[in-house]
Amino acid sequence: MSNGKNKELFKKTFILFFTIGILNLIGHKLLLYSGTFWYDKILHFLSGFVIAMTVVLFYNMFAKIYPVSSGKLILVALFATIFIGLLWEYFEYYFDIALLDGGDYWDDTSLDLLMDFIGGYFGARYSIKISNKYI
């Protein structure tokens, strides 16, 4: 893959990562996590998206050594997204920081992981398309 495409994907991944950080700070300052149901879901979607972008970016560095199909790359990105999502949910549970507005923790966790998964899928597809590697 050309170095220019890697730089473009890195730039977009970094911008999204930075944006998620800013949105997280805003969410905490304005109490959006506890008062707005959908805010947490958007952040989970975007986080899944950026995790998958990061997986594709790292893969692109080693693509010549270990070539895989776009389908396999999407699966790897999804597994990484779900793994990190599960770690995050465990972190929230362990430290009792899940901000639920009277909701059930397990329902919230299931929906959070679903949003991670959906974001991961679209993030992987988008990243592969940007890199012009397979799609």
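Structure's up top.
Now for a description of the structure that goes with this document. (Residues numbered from 1 in each chain as written. Predicted model: local features only at pLDDT ≥ 70, side-chain atom pairs only at ≥ 80, totals over all residues. Heavy atoms only, no water.)

For the protein chain, the count of helices and strands is five helices and zero strands. Beginning at the N terminus, the succession of helices and strands in the protein chain can be written as α-α-α-α-α. For the protein chain, the C-alpha atoms occupy an extent of roughly 50 × 25 × 20 Å along the three principal directions. When contacts within the protein chain are restricted to residue pairs at least 6 apart in sequence, those whose partners lie at least 24 apart make up 74%. When the accessible area of the protein chain is evaluated, it comes to approximately 8,500 Å², of which 72% is carbon and sulfur surface. For the protein chain, the separation between the mean place of its 11 positive charges and that of its 11 negative charges on side chains is 25 Å. (Helix = DSSP H or I, 4+ residues; strand = E, 2+ residues; numbered from the N terminus. Contact = heavy atoms within 4.5 Å. Areas by Shrake-Rupley, 256 points an atom, 1.4 Å probe, with all protein chains shown as cover. Lys, Arg positive; Asp, Glu negative; His and termini not counted. Charge placed at Lys NZ, Arg CZ, Asp CG, Glu CD.)

A surface patch of nonpolar side chains, about 820 Å² in accessible area, is lined by Phe10, Phe14, Ile15, Phe18, Ile22, Leu25, Ile26 and Leu30. Along the chain, the position of Ile15 falls in helix 1 (residues 3-29). Its relative accessible area of 45% is what places Ile15 among the partly exposed residues. (Patch = residues over 30% accessible without salt bridge, like charges linked within 9 Å, V, L, I, M, F, W, Y side chains within 5 Å. Salt bridge = Lys/Arg side-chain N within 4 Å of Asp/Glu carboxyl O. Buried < 20%, exposed > 50% of the residue type's maximum accessible area, 1.4 Å probe, protein only.)

Inspection of every chain in the model, using the stated rule, returns 12 aromatic pairs. Connected via pairs of aromatic rings, a cluster forms that spans Trp88, Tyr90, Phe91, Tyr94 and Phe95. (Phe/Tyr/Trp six-rings, centres within 6.5 Å; stacked < 30°, edge-to-face > 60°.)

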